[in-house]
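# A closer look at the structure
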Amino acid sequence: MAEAADFPGTSPSPARRWLRRTAALLVGTPLLAGLLTAPTGPVAQAATPSTKAGTAVPSAKADATGSRTVDVSLDSLTPTAPGEGDTLTVSGTVTNNGKQPVTAAQVGLRVGTPLSSRSAIDSAAKRTGFQPGAEGREIGGKYVEKISRLAPGVRQDFSISVPVKALSLGGDGVYQLGVALTGQSAAQPYPQVLGIERTFLPWQPDAADTKTKTTVLWPLTTSTHLTAKTGSDEQQTPVFKNDDLADELAPGGRLEQLLSLGSRQDVTWVIDPDLLASVEAMTKSYRIENPDGTTSRAGKHQSVANQWLNDLQAAVKGKKVVALPFADPDLASLAHTGKAVGGSLGHLKEATEVGASTVKTILQVKPTTDFAWPADGAIDPSIVDVATSAGAHTVISRSDSLRETGGLSYSPTAARPIGGGTTAVVADARLSTAFQGDMSDAGNSTLAVQEFLAQSLMINLQDPDNQRSIVVAPQRMPSVSQAQAMEKALSALSDEKWSQSESLTAAAKAKPDPQATTQVPSAGAYPGSLRRQELSQKSFETIQNTQNRLERFQVILNEKDRVVTPFGRAIDRGMSTSWRGRAAEATAYQESVWKYLRDLTRQVSLIKRSDAKLSGRSATIPVSVQNNLVQGVDHLVLRLYSQNPTRLKIGGGQFEEKQIKIAGGHSQSVKFTTTANANGPVPVYAQLFTEDGEPYGDAVRFDVNVTEVTLTVMLVIAGGLLLLVLAGFRMYTQRKRAARKQAQEGPGQDPEEGSDGGPEEGPDGESGSGPGTDDPEQPSDPTPDTAPESTDPSDTGERVDR
């Protein structure tokens, strides 16, 4: 153990070696006894994870022994990719996590041999604790920083500067660089490594003959900020959920930093058009929604929004810009759950078209819309089908989804055909996920930058004569610290020693590697962790219900765009990828859009009325429609329907329809003609319809109570019936009398003449119907229905006209 701490290049004297070995034997004897009697100590410690980002912290200070006694944090390494004449400066902190002071300590650098592969880099990055023989030689002498005493729990800064020539680096390659603290304590009274941190040193002093073409996507996306609400003014003042977007745009904010950092590098901008539309809306008058749903607060960050848009226009000028579909819809959610809801896929094509026009209008550049980017680049056949359904021909995937199965010894070119005329651009998973951790910690950020550069150089060294196109597709919404780490790594690549930048369009057109995987993984291979973040089928049902209601609503409006545009974009926002892992928030937003649209549609409705009293045979019944919208409505039909047309006819039949056209903020009363045939109540329904026959709103039911079919009408009808009966009886008696007379006179006598040639005399002594007598009485015409109106007081608004 003492020998392991010897500095390379020195040769201890025989006496010193004998003393050290004796001391080691004396100290080792009780240690060995302890191992035999209590194996849970050091054995358990060997399995204790490092305290670095993403790993567990030791459960107690008693565990902090051996090479884990001291935590070494590497906070800065410059330059990140040094040249021959540079001086390497490494800074950081050491913290004593043990229970005893560390004495006679020094911090030094250890340089290992070049690593052979990308997997070797992975292994070195995961290794914890000091492993003799694997950590390389220490650069001793004056290139160490001595620490006489480090008390328990105390942290101390260090900084070591070493000329690159003193590192004695060999040929081009990726070198493991260790920063180790060597010291001793009362429990371990001999020099040994008590703490170590590893990173990587990419070494390419001269430019490579063949350089890797590297495409870096720089995403500008954010979560949903705009609501579906707009003001009733001519400008339709937009309403934001909160003022968080202003914080992101302000100096030091996430979006401001992304824009500033991205503009320094040669990247491909990937932009959500909804972000541009939201910022553009903020440049004018806007309002903020209060927790209770009111919108009394006025936004005050117009200048911040204007500045950000101006800076973005300058940054993307002459650059490649990829426009995502509006609001960046979740393609995997659409493929896995949205397809089961009719009409859901139709939103994607419209979102693509709106997205392109939004970017072109606001940024004054023509974007590319040929790329689809599923969440984390994870694909399966259904996702590819959905991704290309709106016209995209290229899907941005990732190598941990479209895995290599051919045993290639190098990383192939990103582009490859996957069938059906579709190209997959497979981003490198290691490079794309390098900055997903907590980059606000300087140690994590420094390690991430060095590992990114190491992997990038190793790609070029794998097959130096085979130029390949590599794509980096980072997380969709990087934090400020993540973006800063990304930009630092890209700055190191900008000298183009082994890498040169390339646009995404060019990368998609690169010649595919014939040995690269082109088989799209099955649905079963889709990560369960990603599937659990997707929008539910219920979410898509709510979205489609909103769309259906919007379609019925817009047909009656005089100014459709005032409603269709804000609600159409709000529907797109309800499907955004930004809702992943935020199911409750997604549901709340989707339902808020639906409820607000429902409330608007109810502004055009029938005015409820009480039962009507009909005191005559015919009358007109008024039904009122109100429009509380700002704009006018048209193309509506009001139908009044009698449930018993035998007793009460409307317009001469079972129902009557009238066209409706009402200005904004007004109401209209429509009169219907009715005819009653009997007394008593008859249920009547009023219902609005669109011109295509779809019901609009709720029906209104009321009873029409025929209180009196008037006495005059009844007498006229009865008199007419009586006259008909009398006329029939008279005709019957005349025929009987004529028949008797003919029988009495016998044959040959003219039955029309009496015995004395005078007029015939009836059996009752009355004259017959000879010349000069009156015609028989005929039924008279019915008396007109002119009965007075009912004297009962009418309800307000319920008067029945006759």
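Residues numbered from 1 in each chain as written. Predicted model: local features only at pLDDT ≥ 70, side-chain atom pairs only at ≥ 80, totals over all residues. Heavy atoms only, no water.

### Details of the overall build of the chain
Counting its secondary structure elements, the chain contains 19 helices and 29 strands. Considering the chain as a whole, with its 802 residues, one finds that 47% of them fall into the buried category. (Helix = DSSP H or I, 4+ residues; strand = E, 2+ residues; numbered from the N terminus. Buried < 20%, exposed > 50% of the residue type's maximum accessible area, 1.4 Å probe, protein only.)

### Some thoughts on the side chain of Glu534
Note on placement: Glu534 falls in the loop between helix H15 (528–531) and helix H16 (537–554). For Glu534, a relative accessible area of 12% corresponds to the buried category. Polar contacts involving the side chain of Glu534 include one to the side chain of His336, which spans 2.8 Å. Setting aside chain neighbours within four positions, we find Glu534 in contact with Ala332, Ser333, His336, Tyr526 and Arg580. (Polar contact = N/O pair within 3.5 Å; in protein donor to acceptor, adjacent residues only side chain to side chain. Contact = heavy atoms within 4.5 Å.)

### Comments concerning empty space enclosed by the protein
Overall, the coordinates contain three cavities of 30 Å³ or more when judged by the stated rule. What the largest cavity holds in volume is close to 110 Å³. What lines the largest cavity is a set of 15 residues, and nearest its centre among them are Pro325, Thr352, Phe371, Ala372 and Ala387. Broken down by secondary-structure element, the contributors of at least two residues to the lining of the largest cavity are helix H9 (346–363) and strand S15 (371–372). When grouped by side-chain class, the residues that make up the lining of the largest cavity number 12 nonpolar, two polar and one charged. (1 Å grid on protein atoms, 1.4 Å probe; cavity = no way out; pocket = protein on both sides within 12 Å on 5 of 7 lines; lining within 4 Å. Points joined across faces, edges and corners; volume = space filled by probe spheres on them. Nonpolar A, V, L, I, M, F, W, Y, C, P; charged D, E, K, R; others polar.)

### Things to note about helix H6 (residues 273–282)
Burial analysis of H6 places nine of its 10 residues in the buried class, the great majority of the element. Every buried residue of H6 is accounted for by Pro273, Asp274, Leu275, Leu276, Ala277, Ser278, Val279, Ala281 and Met282. Residue Asp272 occupies the N-cap position of H6, its side-chain oxygen lying 3.0 Å from the main-chain nitrogen of Asp274.

### Section: the environment of Gly437
Looking at where Gly437 falls in the secondary structure, it is placed in the loop between helix H11 (429–432) and helix H12 (442–462). The partly exposed category is assigned to Gly437, whose relative accessible area is 41%. Expressed as a C-alpha distance, the spacing of Gly437 and Ser481, which sit 44 residues apart in the sequence, is 9.8 Å.

### What to know about the sheet that holds strand S10 (residues 238–240)
An order of S9-S10-S12-S13 is seen for the four strands of this open sheet, with the pairing classed as mixed. A single partner strand is all that each edge strand has here, and the edge strands are strand S9 (226–230) and strand S13 (297–298). Relative to strand S12 (residues 287–288), S10 runs parallel, the two sharing two bridges. Counterpart to Val239 in the pairing with S12 is Arg287. Along the sheet, H6 makes contact with S9 and S10, crossing S10 at roughly 110°. (Pairing = 2+ DSSP bridges. Axes fitted to C-alpha atoms, helices over the stretch in contact; angles between N-to-C directions.)

### Topic: the packing of H6 against H9
For the pair H6 and H9, interaxial distance at closest approach is 9 Å and the crossing angle is 45°. It follows from the interaxial angle that H6 and H9 lie oblique. At the point where H6 passes H9, the crossing takes the left-handed sense. Touching Pro273, Leu276, Ala277 and Glu280 of H6 are Gly355, Thr358, Val359, Ile362 and Leu363, all from H9. (Parallel < 35°, antiparallel > 145°, perpendicular 65-115°, else oblique. Left-handed = near helix turned anticlockwise from the far one by under 90°.)

### A look at the side chain of Gln475
Checked against the element boundaries, Gln475 lands in the loop between strand S19 (469–472) and helix H13 (480–493). Side-chain polar atoms of Gln475 contact the backbone oxygen of Phe435, separated by 2.9 Å. One polar contact links Gln475 to Gln482, side chain to side chain, over a distance of 3.0 Å. Ignoring any residue separated from it by four or fewer positions in sequence, one finds Gln475 in contact with Pro219, Ser432, Phe435, Gln436 and Gln482.

### Concerning the nonpolar core
Counting 71 residues, the largest nonpolar core has Phe553 and Leu638 as the members making the most contacts within it. Sequence-distant contacts of Phe553, defined by excluding residues within four places in its chain, comprise Val563, Leu597, Leu600, Thr601, Leu629 and Tyr696. Among the nonpolar cores identified, the runner-up in size contains 61 residues, and Ala81, Leu276, Ala448 and Ala489 belong to it. (Core = buried A, V, L, I, M, F, W, Y, C linked by side-chain atoms within 4.5 Å.)

### Remarks on unusual backbone geometry
Apart from glycine, the bulk of residues carry a negative phi angle, and the bulk of peptide bonds sit in the trans form. Cis geometry is adopted by the peptide bond preceding Pro79, which originates at Thr78 and carries an omega value of -10°. Here Pro79 lies in the loop between strand S1 (70–78) and strand S2 (87–96). In this structure, Gln236 takes a positive phi of about 50° despite not being glycine. Inspection of the secondary structure puts Gln236 in the loop between S9 and S10. Positive phi outside glycine occurs at Ala327, with the angle close to 75°. Tracing the sequence through the fold places Ala327 in the loop between strand S14 (321–323) and helix H8 (331–336). Ala327 gets classed as buried once you look at its relative accessible area, which sits at 1%.

### Some details on the sheet that holds strand S24 (residues 633–642)
Overall, mixed pairing links the five strands, which are arranged S22-S29-S28-S24-S26 in an open sheet. Of all strands in the sheet, those with a lone pairing partner are strand S22 (612–614) and strand S26 (655–662), marking the two edges. This sheet shows a mean twist of 25° between the axes of neighbouring strands, independent of strand direction. The pairing of S22 with strand S29 (residues 695–706) spans three bridges and is classified as parallel. Looking at the pairing, Ala612 lines up with Val704 of S29.

### What to know about the packing of aromatic side chains
Counted under the stated rule, the structure contains four aromatic pairs. With a centroid separation of 5.4 Å and an interplanar angle of 40°, the aromatic rings of Phe435 and Phe452 are classed as tilted. Of the two residues, Phe435 sits in the loop between H11 and H12 while Phe452 sits in helix H12, which places them 17 residues apart along the sequence. Residue Phe435 shares its accessibility class with Phe452, and that shared class is buried. Ring geometry for Trp579 versus Tyr589: centroids 5.5 Å apart, planes at 35°, classification tilted. Of this pair, Trp579 sits in the loop between helix H17 (561–573) and helix H18 (583–601) while Tyr589 sits in helix H18, and the two are 10 residues apart along the sequence. Relative accessible area serves as the criterion here: at 4%, Tyr589 is assigned to the buried category. The side chain of Lys229 reaches across the aromatic face of Tyr596, ending 5.8 Å from its centre. When the ring centre of Phe655 is taken as origin, the NZ or CZ atom of Arg639, which lies over that ring, is 4.7 Å away. (Phe/Tyr/Trp six-rings, centres within 6.5 Å; stacked < 30°, edge-to-face > 60°. Lys NZ or Arg CZ within 6 Å of the ring centre and 35° of its normal.)

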